[in-house]
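The primary structure of each chain is shown beneath.
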Amino acid sequence: MPATAPKTADAPRRSRAEQREETRARILQAALDIIIDEGIRSVRNRAVARRAGVSLGSTTYHFESIEDLIISAFGYWRSRALLTENPFYRQTSALLEPYRESTVPGPQRAVIAGQILDISAGYLVSQLSGKRRDRLLELAFHHESVRYPSLHKLVMDEWRAQFDFLAWVHRTLGSPQPDIDARLTTALFRQLEQSCVIEQQTAPDRQLIRASLHRHLSLCLGVDIPASAGDD
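None of these values were measured; they are calculated from a predicted model. (Residues numbered from 1 in each chain as written. Predicted model: local features only at pLDDT ≥ 70, side-chain atom pairs only at ≥ 80, totals over all residues. Heavy atoms only, no water.)

Within this structure, the stated rule accounts for 13 salt bridges. Put simply, Asp-118 and Arg-210 hold a salt bridge, and the shortest N to O gap is 2.7 Å. Here Asp-118 is found in helix α6 (residues 106-130), whereas its partner Arg-210 is found in helix α10 (residues 206-221), with 92 residues between them in sequence. Classification of Asp-118 as partly exposed rests on a relative accessible area of 35%. Where Arg-147 meets Glu-144, a salt bridge forms, and the shortest distance between an N and an O atom there is 2.3 Å. A relative accessible area of 42% means that Arg-147 is categorised as partly exposed. Residue classification places Glu-144 among the buried residues on the basis of a relative accessible area of 2%. A single network of salt bridges, built from pairs that share partners, joins Asp-37, Glu-38 and Arg-51. (Salt bridge = Lys/Arg side-chain N within 4 Å of Asp/Glu carboxyl O. Helix = DSSP H or I, 4+ residues; strand = E, 2+ residues; numbered from the N terminus. Buried < 20%, exposed > 50% of the residue type's maximum accessible area, 1.4 Å probe, protein only.)

Pasting the structure below:
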């Protein structure tokens, strides 16, 4: 008699909850893709269902309105880019950890500021080199937040977390006006990021980014930040 093929174990069947979660994730990712390709005003149930490969009824089952879908898409996107997992946050926090309850001593301030300059420039170049999609989403959500109060609150909560961290950085580095300097740093970061996207630059201007950050930090902290290999 011919040999029979060995039986293979059936793949474990997913629960209904797992299937619903997978469908929800597909819908949210489809909404993000539409925002990037066509703009946030193109997020409609039929378009999202088509992009996600699900029934029209699935989108209305998981999300009660377009506003709910857009707000949920923002939360889904930001959950994958938490502030505490941000390389700028992690590296700067580690660098300043010894001074968490104090201020960097005067003689060390310029050196530490130079290291933060390196971290900041490297972070921005990285964000603008390989994360253009994230920058497009950020622009879209920030612009749309003026229409949706719930989205506005999420955006403002995120901004406050970023601002509080930058204020702590400036305070630890001895800034006489850490809150004002944190606002200026936020504005500079955002201008450098958004101008690169809006001007459709194929690659970030590394020299401009570093020169802008060098001047900004030098003026805020009143220190002569040493040159490094990154200034070449």
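Of note, Ser-72 is situated in helix α4 (residues 66-79). There is a polar contact of 2.8 Å between the side chain of Ser-72 and the backbone oxygen of Asp-68. In this view, Ser-72 contacts Arg-24, Leu-28 and Phe-63; residues no more than four positions away in its chain are not counted. (Polar contact = N/O pair within 3.5 Å; in protein donor to acceptor, adjacent residues only side chain to side chain. Contact = heavy atoms within 4.5 Å.)

Fair warning: the whole summary comes from geometry, so function is off the table for now.
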